[in-house]
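# Structure assessment
Okay, here's what each chain looks like letter by letter:
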Amino acid sequence: MDVKQFENNRWQKEDQLIQFRHRAALAMMGLPTGGETVLDLGSGDGLFLALLRGKGITGKGLDLSEEGVAKANTKGLDTAVFDFASNRLPFSDNSFDTVVMLDILEHLYDPQSLLYEASRVSKRNIIVGVPNFSSLPARLQTLCGRVPENNQPKKGHVYWFNLPVLLNLFSRAKISLAKLESNTVFESVPLVSIITKFLARVLPNLWSLSFVALARK
């Protein structure tokens with residue numbers, strides 16, 4: 001099964017639910033001032049684009065999956081099929097105020113190339129969301145002889161991220177971290193969540209389950 005078939009099968013079976021990465025990225029967009037344009041790379045079924053539309057922000061999307069694009073287009077969203085193994089996005093320099101990539105880079109063998117392109121077509125902002133493959137649960141699962149959740153074949157992940165890896169890609173793309181948000185374990189448990197959120201700020205590579213980062217050119 002190739003990557004496109006894998007993604008088509010996934011979108012045939014499921015729809016996205018609003019998760020931490022969507023909420024964090026949406027908050028990083030700020031209040032619309034009119035005329036903002038956003039490019040969502042790996043737009044899937046268009047959930048994030050629909051959330052942007054609800055805030056009055058115009059967005060376009062690209063995705064590898066015909067199934068995902070078809071779902072998004074039935075919602076009246078502007079999305080198209082695109083092979084992310086291509087060297088160049090089909091847009092000119094500085095075409096969008098913000099480029100968003102939520103849970104796409106870990107699905108690519110060469111995420112650096114797409115990050116270069118995202119920077120090229122963005123006027124200033126790039127928002128990236130990736131899972132943390134070095135989280136405490138992943139380490140404990142490995143210690144117990146189990147394959148961590150993010151490493152299982154059903155996830156389709158081929159590039160393993162943690163915070164140093166992400167920041168290194170940013171540095172090579174000549175973009176700088178402006179804001180970082182993360183989620184952690186036990187966030188729904190009162191009091192305990194206060195501790196784990198504090199630990200995620202102090203030791204993000206251990207206590208964070210995933211990262212959403214705002215980078216700027």
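Residues numbered from 1 in each chain as written. Predicted model: local features only at pLDDT ≥ 70, side-chain atom pairs only at ≥ 80, totals over all residues. Heavy atoms only, no water.

## Thoughts on the packing of aromatic side chains
As a reminder of what qualifies: Side-chain rings of Phe, Tyr and Trp, where Trp is taken by its six-membered ring, are said to pair if the distance between their centres is within 6.5 Å; with planes under 30 degrees apart they count as stacked, over 60 as edge-to-face, and otherwise as tilted. Each residue's exposure class comes from its accessible area (1.4 Å probe, protein chains only) as a fraction of the maximum for that residue type: buried when under 20%, exposed when over 50%, partly exposed otherwise.
Taken as a whole and judged by the stated rule, the model has four aromatic pairs. Taking the centre distance of 5.3 Å and the plane angle of 80° together, the rings of F82 and F84 count as edge-to-face. An identical accessibility class is assigned to F82 and F84; each is buried. Aromatic side chains F133 and W160 sit 6.0 Å apart centroid to centroid with 5° between the ring planes, which places their arrangement in the stacked category.

## Some details on the sheet that holds strand β1 (residues 37–41)
Strand-to-strand pairing in sheets goes through backbone hydrogen bonds, with the strands running parallel or antiparallel. Formally: At least two bridges found by DSSP between two strands are what make those strands a pair. Helix and strand assignments follow DSSP, with helices taken as H or I runs no shorter than four residues and strands as E runs no shorter than two, numbered in order from the N terminus. Only the stretch in contact is used when fitting a helix axis, every axis being a line fitted to C-alpha atoms; angles between N-to-C directions are given from 0 to 180 degrees. Residue contacts follow a heavy-atom distance rule, with two residues in contact if any of their heavy atoms lie within 4.5 Å.
The mixed open sheet is built from seven strands, whose spatial order is β3-β2-β1-β4-β5-β7-β6. With one partner strand each, in any of the chains shown, β3 (78–81) and β6 (176–184) form the two edges of the open sheet. When the angles between neighbouring strand axes are averaged without regard to direction, this sheet yields 15°. Two strands pair when backbone bridges link them, and strand β2 (residues 58–63) and β3 are joined in this way by four bridges, in the parallel orientation. Bridge pairing links L62 to A80 in β3. Seen against the sheet, helix α4 (residues 66–74) touches β2 and β3 and runs at an angle of roughly 165° to β3.

## Observations regarding the nonpolar core
Test applied: Only buried residues count toward a nonpolar core, which is a set of Ala, Val, Leu, Ile, Met, Phe, Trp, Tyr and Cys residues joined through side-chain atoms within 4.5 Å.
Grouped together as the largest cluster of nonpolar side chains are 31 residues, with contacts concentrated most on L41, F84, M101, L114, L115 and V128. Sorting the residues of this core by element identifies β1, β4 (96–102), α5 (111–121), β5 (122–131), α7 (163–172) and β7 (208–216) as the ones contributing at least two each. A25, M29, L52 and L102 belong to the second largest nonpolar core, which has 18 residues in total.

## What about the pattern of salt bridges?
Opposite charge on two side chains allows them to pair when their charged atoms are near. The condition that has to hold: Salt-bridge detection follows one rule: a side-chain nitrogen of Lys or Arg within 4 Å of a carboxyl oxygen of Asp or Glu.
Under the counting rule described, the total for this entry stands at 12 salt bridges. For E66, the salt bridge is made with K4, and the minimal N-O distance between the two is 3.4 Å. Note that E66 is positioned in helix α4 and K4 in helix α1 (residues 3–13), a separation of 62 residues in sequence. We note a salt bridge from D97 to K123, for which the minimum N-O separation is 3.8 Å. Linking D97 in strand β4 with K123 in strand β5, this pair joins segments that are 26 residues apart in sequence. In this structure K123 comes out as partly exposed when scored by relative accessible area, which is 47%.

## Observations regarding empty space enclosed by the protein
Heads up, the condition is: Buriedness of a pocket was judged along seven lines, with at least five required to meet protein on both sides within 12 Å; pockets are open sets of points on a 1 Å grid over the protein atoms alone, cavities are sets where a 1.4 Å probe fits but cannot get out, and lining residues have an atom within 4 Å of a point. Grid points are joined across faces, edges and corners, and a volume is the space filled by probe spheres set on the points.
The tally for this structure, following the rule as stated, stands at one cavity of 30 Å³ or more. Estimates place the volume of the largest cavity at around 30 Å³. Forming the boundary of the largest cavity are F82, F84, S86, N87, R88, L89, S113, L114 and E117.

## Some thoughts on unusual backbone geometry
In the Ramachandran plot, F186 falls in the positive-phi region, its phi being about 60° despite a non-glycine side chain. Examined against the element boundaries, F186 turns out to sit in the loop between β6 and α8 (192–202). Overall, F186 belongs to the exposed group, its relative accessible area being 52%. The phi dihedral of L191 falls on the positive side, at around 70°, and the residue is not glycine. The residue L191 is located in the loop between β6 and α8 in this model. Owing to a relative accessible area of 65%, L191 belongs among the exposed residues under this scheme.

## With respect to the packing of α1 against α4
Spelled out, the test is: An angle below 35 degrees is read as roughly parallel, one above 145 as roughly antiparallel, one from 65 to 115 as roughly perpendicular, and any other as oblique. Polar here means any residue outside two lists: the nonpolar Ala, Val, Leu, Ile, Met, Phe, Trp, Tyr, Cys and Pro, and the charged Asp, Glu, Lys and Arg; Gly therefore counts as polar.
For the pair α1 and α4, the least separation of the axes is 7 Å and the interaxial angle reads 40°. Classified by the angle between their axes, α1 and α4 sit oblique to one another. Counted together, K4, N8, W11 and Q12 of α1 and E66, E67, G68 and K71 of α4 form the full contact between these two elements. Of the residues in the contact of α1 with α4, the class split is one nonpolar, three polar and four charged.

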